[in-house]
Structure formats: structure tokens, C-alpha cells
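Coordinates in review
Spelled out from the first residue to the last, the chains are:
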Amino acid sequence: MLASIVIATAGPAAAQTNAVTYRVTFPEPEHHWLQVEATFPEAGRDPLVVRMSRSSPGRYAVHEFAKNIFAVEAYDGQGRALHAVRVDADSWRIEAPDTTVRVIYRLFGDEPDGTYLGVDTTHAHINMPATFLWADGLDARPIRLTFVPPAGSGWRPATQLFATADPFSFTAPNLQYFMDSPVELADLVVSAFTVDVAGRPSAFRVAAHSDGRQPDIDAFAASIARLVREQAAVYGELPEYEPGAYTFLLDFVGWAGADGMEHRNSTSISFPNLSMRTAEGRLHALDIVSHEFFHTWNVERIRPAGIEPFDFTRENVTCCLWLAEGFTEYYGPLLLTRSGFTRGAPTDDVAQTMASPARGVRSAVGMSEQAPFADAGIANDLTDRDRTYISYYTQGSALALALDLSLRERSAGSVTLDDYMRRLWQVFGAPRDPRPGYVARAYTLDDLRTELATVSGDRPFADDFFDRYVEGRDTPDFPRLLALAGFNVQPAAPGRGWIGDVRTRDISGGLIIGIDATGRRGTVPFHTPLYEAGIDEGDVITSIDGRPATRLAWSTIADHKPGERVTFSVRRRDGRQFDATLTIGSDPRVTIEPVETSGGTPTTAQLAFRQAWLGSRVEPR
Ligand SMILES: [Zn+2]
């Protein structure tokens, strides 16, 4: 009953007084731990359950952030010690006769990337789910966070959290927003700029922990401004950034993880030793920015129902990472080309998809649902992922290309994938939830189908695309679609023999299948001559066409022509011996290049199609 009384009386003023507060100190940063003092005033719950998150927005496996916590102590409002009982791996139950509960804990972390915590004498790289305990039932409370940097460190913070008069204190309106708001504390170089779209100015900040000096970061900021304009042209406007600005957090120390992580009003980009002093380094960083910034619409606000609101206690599974990640993966390089930083079409993922042994094993929706296992999921046992899984980034990006070119073809260029994305923005992204950090209307798989019917004006077309390529296991006709823009899809190794890509290792008496010299294991892919011959991991090839089976003999199989035969003697793990005759196949790998590369000449129609697809929408060239 106490809880309901607290809610009933909580106006804006009351909400401020019962804010959850965190105070973060760094007693020994050289040992890679920090201390957090968390205060839950008027907790209103007896007992109070506090927990570390198991998962993190933008990640799909469980990460068990409780593993690095130690020295947990609990006190009441008068400073009397309370007993914190560990309920399970992630949570503690605190019997709280007083309504205010204070929990002090220490936490190790030396992994600066988009998911974890990194503390050392140069910085504190803080991802919130990896760092902060939170209490059941207090999700709607505002939060106030204060840092006390090490004396003499020169650190200053950058984050999408809301600023206060104290440069080391920030607020968040609720737990969802707080958890989405990473912080970089370091000797940062900051560059600020404004971009005007559709008559509305938006503020941006680049905060870099890198080798870059002020002119380097300013130069990088100018490139980002150009890219932001090109990205905004897809949607027609920039989202409103609740704290008043969007922040690019860059961390390029030598021990950083290679990562980019999207957030609602910021992105956290890390990469080991990426130099901001060179144009090459800045272009590499811009490539990551192009993907992450597209997420400010696609996934942060155009958001699939399965991850909204985010549940920090488990894996969050969604139908639609082929769109949330895959379409973003398509637009990242496309928008770099449109804004003049690179040349070429985003066709790499098409080539990978066409060559994947997993093509046709699961639908795009099925691949998305594999994310908890594929995105840093840990398996101690052997999986068959290398023949049954294709990344939703890769396959989704290829689907985006297929849909873009199909829409352009059937409308003679008047309807494109940009129109579809803009429609999704208007229906699902633009409507604001009154609570910052929440999305008012998350989309379902059916919603995506319906909006494609609306944008294309053709329900049967939308149904066919979703039935075959999204929910079904067909592959679009990429060679035909790419020919519209004057691109050729050709075998990468024509005439070269191929029996399937597998790991092999020399052992006494032959060549074992399904393990390589480093001990990495894998299965034999479906629909390959090896698979059709009944050979799989653990089998030992003892001879090849009567000669001893060695890695050298194995490599000469490629010299055969497709259609020729090769005979293996095989010893199975149970000791049984048999001969298998394989019909050599063709290597499925393809190259995708403009017709000019192989001496052809594109037609006027192909050149016009290509220019409309790859040309700038901001500065037509
Ligand atoms: Zn992404």
C-alpha cells in the first residue's frame, strides 16, 4: 500500500525529492575499478530488490554484468548497516525497515567498447547497464548522477544525460533513459556544430578521447555535418534530441574494442589506435558514424516491438533486426557515397549473401531471432552456425538493396527505399512518447508489410516481398536487379573446382574434416559436394584419388573442372572405412562490379538509374 501512496502523491516536485542518486568515485583507477554509492530514497518497498542488468540495449545476448561486482554493502537512511541477501546471480534482497536504502559497491572493468566498463588512469568509459545497480519498481523515478574524477586527472564528462549547473552532475528522467546514456570521462577534445534541416537547427557535439588535436576534431566534425545533412534528406527532418544536442562519443585508445553503439541521443564509437590526425583515420571513423547515426531514426525511434521497452533482466528477441540493423548496414555506406566521401555501391553484403551456405536455411525473421546466440552468445558445445546462420546485418543489407532497386524499377524511379524509411519514420518514429527514452508506437512485422503496401501502392507486391524474402527463404534475383544500374554479378572463380568450404587439419593417416590447425571446429555446409557425399565433421579422408590425403593434395581439388569427379577414401570415427565419389561443383562466390570494369558500356538508362540511386539528394552533382 505504501507504494501506491507514493505514486499518488508524486508530482513533479515530489519526483525530484525522491530521485535515485548515484555518486561515482575512482579511488584506484590504475587497478581498473570504480565505486558507486546508490541511494534509493523513500524506497517504499520492503524488501527492496536491487539488481545488475543481464542485457544491454543494442546487444542481444545476456552479458551477466553482475560478474564483476564486489564489496557490496547496504545501509539505511541513518547509516545503519542492512543485510543484503543475494537472491540469485544478479540481484540482492535488502530488508529495509527505513524507507531510504543506500548501496555501496565496487566494480571491475577494463573493456572500453559499446557494451562494457573500462576504467584506467586515462579515462572512465562507462556503459550504464554494465555499471549501475537499479531497484525493482522504481523505473519511473528520475535519476541524478554525480562523478568525482580522480584528483588532477583533467577528466571532463561527455554524455547524452541532461546537464545541470554542476559540470560533473547529470540527470535522467527515468531508468530507461539513464540506461541508454553512456558516459566518457577523459581529457576530451570537443567540437560543437549546428545543422539546419527544414528550417530547424539541431546542435551536435563531438567529444574525442584520441590522438586528435582541436583542428583534427573540428575537421572531423565538419565531415559529420555534411553526412548528417545527407542522412536527414532520407527522412526529411532530424529527430528532436531531448537534452538539446546529439553527442558523438569517440574513444580511440590503443586498448579499446572495435565497436559502434547506437543510443537515442548519442553514439559511442571505440576503435583501437584509430588516428584522428590523418584523413584516412577520420574516414574510417566516419564510416562507423554513418551506420550509427542512421540508427538515430532506425532502431532508436523506428523501433521493433520486441525491444521496447528494453528488459534488462533477459535477452530481448525481435522479428526485425534484418530491418533495424540490416537496412542501417545498407544505408551506412550508401550515404557515405551520396555525400561524396566514397565511391561505389553497397553491394558487398549482396555478394556475401549469395555465397552463404546458410542462405535458405532460415528466413530473415528466423535469422533475427537467432541474435541471442549469434551476438556474443557463448556456447561451450559445437554449434552448426557456420552452415545455418547468416548475419541479419549482411542478409538485411542485401534485402534493403533488393527492395530499393525493386521499388525504383516498378515506379520508374518515383518511389524508393527512402520513401519507405520516411513513411516508417512518420508513422512509428515521429510520434513522441511523453517520457523521454520511450517510443510511443513500436512496430510489428505486420506493420512493416502494411506500410510497404502503402508506400508502393501495391498490396500484392508487398505481400510477395514479405512472403518470399522476409518470412520465406527465397533469395531475390540480385543479378537482374543490379543490371538495372549497370552492375554485373559474375562468378569470382569461374571454372575453378569446389567441393565446399570446410576446416581441415593434417593428422596421422590423413586429413580430418571439421577442425583447423588452430583447433576451431565447424560443420560441412548443406548443398555442397562434400555434404551430398555423406562426409561431415570428424571424418578422416585417408586418400584422394588413390594418393595420400594431405593438405597439399586437398588444395589441388580446385584444379579440377566443375563436373569432374574425385574419389575419397574415408575413415569414420567408429572405424568404418568407405569410398566416396564426389562430383566437383562450382565456387558460389561472386564479384559485383560496374559493367565498365570488364570493358562494357552502361546504357543511358543504366547511368540514370545509378545516378538516382547513388547521387546526393542534398547537392545534386
Ligand atoms: Zn547497428
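Heads up: these notes are all about the structure in this document. (Residues numbered from 1 in each chain as written. Predicted model: local features only at pLDDT ≥ 70, side-chain atom pairs only at ≥ 80, totals over all residues. Heavy atoms only, no water.)

Before going further, it helps to spend a moment on unusual backbone geometry. With omega at -10°, the peptide bond leading from Glu 308 into Pro 309 counts as cis. Tracing the backbone shows Pro 309 in the loop between α5 (279–294) and α6 (321–338). Even without being glycine, His 32 reaches a positive phi, approximately 65°. Along the chain, the position of His 32 falls in the loop between β1 (20–25) and β2 (33–40). Here His 32 falls in the partly exposed class, since its relative accessible area comes to 21%. One non-glycine residue with positive phi stands out, namely Asn 273, at about 55°. Along the polypeptide, Asn 273 turns up in the loop between β21 (266–270) and α5. (Helix = DSSP H or I, 4+ residues; strand = E, 2+ residues; numbered from the N terminus. Buried < 20%, exposed > 50% of the residue type's maximum accessible area, 1.4 Å probe, protein only.)

Moving on: the state of the cysteines. A full pass over the atoms with the stated rule returns one disulfide. The disulfide partner of Cys 319 is Cys 320, and the gap between their sulfur atoms is 2.1 Å. Its torsion about the S-S bond being -100°, the disulfide of Cys 319 and Cys 320 is classed as left-handed. A single burial state applies to Cys 319 and to Cys 320, both of which are buried. (Disulfide = S-S within 2.5 Å.)

In a beta sheet, neighbouring strands pair by backbone hydrogen bonds and run either parallel or antiparallel. Pairing is mixed in the open sheet, where eight strands are placed in the order β5-β4-β8-β2-β1-β12-β15-β14. Of all strands in the sheet, those bounded by a partner on one side alone are β5 (81–82) and β14 (162–163). The pairing of β1 with strand β12 (residues 143–148) spans six bridges and is classified as parallel. Following the sheet pairing, Val 20 is matched in β12 by Ile 143. (Pairing = 2+ DSSP bridges.)

Moving on, we come to the environment of Arg 571. Assignment of secondary structure puts Arg 571 in strand β28 (residues 565–571). Not counting the four nearest positions on each side in its chain, Arg 571 is found in contact with Ser 508, Gly 509, Asp 539, Val 540, Thr 542, Arg 576 and Gln 577. (Contact = heavy atoms within 4.5 Å.)

Moving on, we get to helix α13 (residues 445–456). Helix length check: α13, at 12 residues, gives a terminal C-alpha distance of 17 Å against a target of 16 Å (1.5 Å per residue), a fit within 8%. For α13, the buried fraction is high: nine of the 12 residues fall into the buried class. Turning to α13, its buried residues are Leu 445, Asp 447, Leu 448, Arg 449, Glu 451, Leu 452, Ala 453, Val 455 and Ser 456. Buried positions along α13 lie against α6, α8 (364–368), α11 (392–410), α12 (417–429) and α14 (459–470). Just past α13, the residue Gly 457 takes up positive phi, approximately 70°. (Expected span 1.5 Å × (residues − 1).)

Looking at the zinc ion, the protein donor atoms are His 291 (NE2), His 295 (NE2), Glu 325 (OE) and Glu 325 (OE), and they sit 2.0 to 2.8 Å from it. Taken together, the four donor atoms coordinating the zinc ion span angles of 52 to 152° at the metal, a pattern that classifies the geometry as irregular. All donors of the zinc ion come from a single chain, and their spacing in sequence reads H-x3-H-x29-E. With respect to burial, His 291 and His 295 carry one shared label: buried. (Donors = N, O, S within 2.8 Å, 3.2 Å for Na, K, Ca; no water. Tetrahedral: all angles 85-135°; square planar, octahedral: opposite > 155°, others 65-115°.)

On to the pattern of salt bridges. Taken as a whole and assessed by the stated rule, the structure comprises 37 salt bridges. In this structure, the salt-bridge partner of Arg 432 is Glu 240, at a minimum N-O distance of 3.1 Å. Taken together, the residues span a long stretch of sequence, with Arg 432 in the loop between α12 and α13 and Glu 240 in the loop between α4 (214–235) and β19 (246–251) at a distance of 192 residues. With relative accessibility at 45%, the residue Arg 432 sits in the partly exposed group. As a salt-bridge pair, Arg 589 and Asp 501 come within 3.1 Å of each other at their nearest N and O atoms. You can see Arg 589 sitting in the loop between β30 (585–586) and β31 (590–594) and its partner Asp 501 sitting in the loop between β23 (497–498) and β24 (504–507), a full 88 residues away along the chain. Taking the relative accessible area as the measure of exposure, Asp 501 reaches 40% and is therefore partly exposed. One salt-bridge network, held together by shared partners, links Glu 240, Glu 242, Arg 264, Arg 301 and Arg 432. (Salt bridge = Lys/Arg side-chain N within 4 Å of Asp/Glu carboxyl O.)

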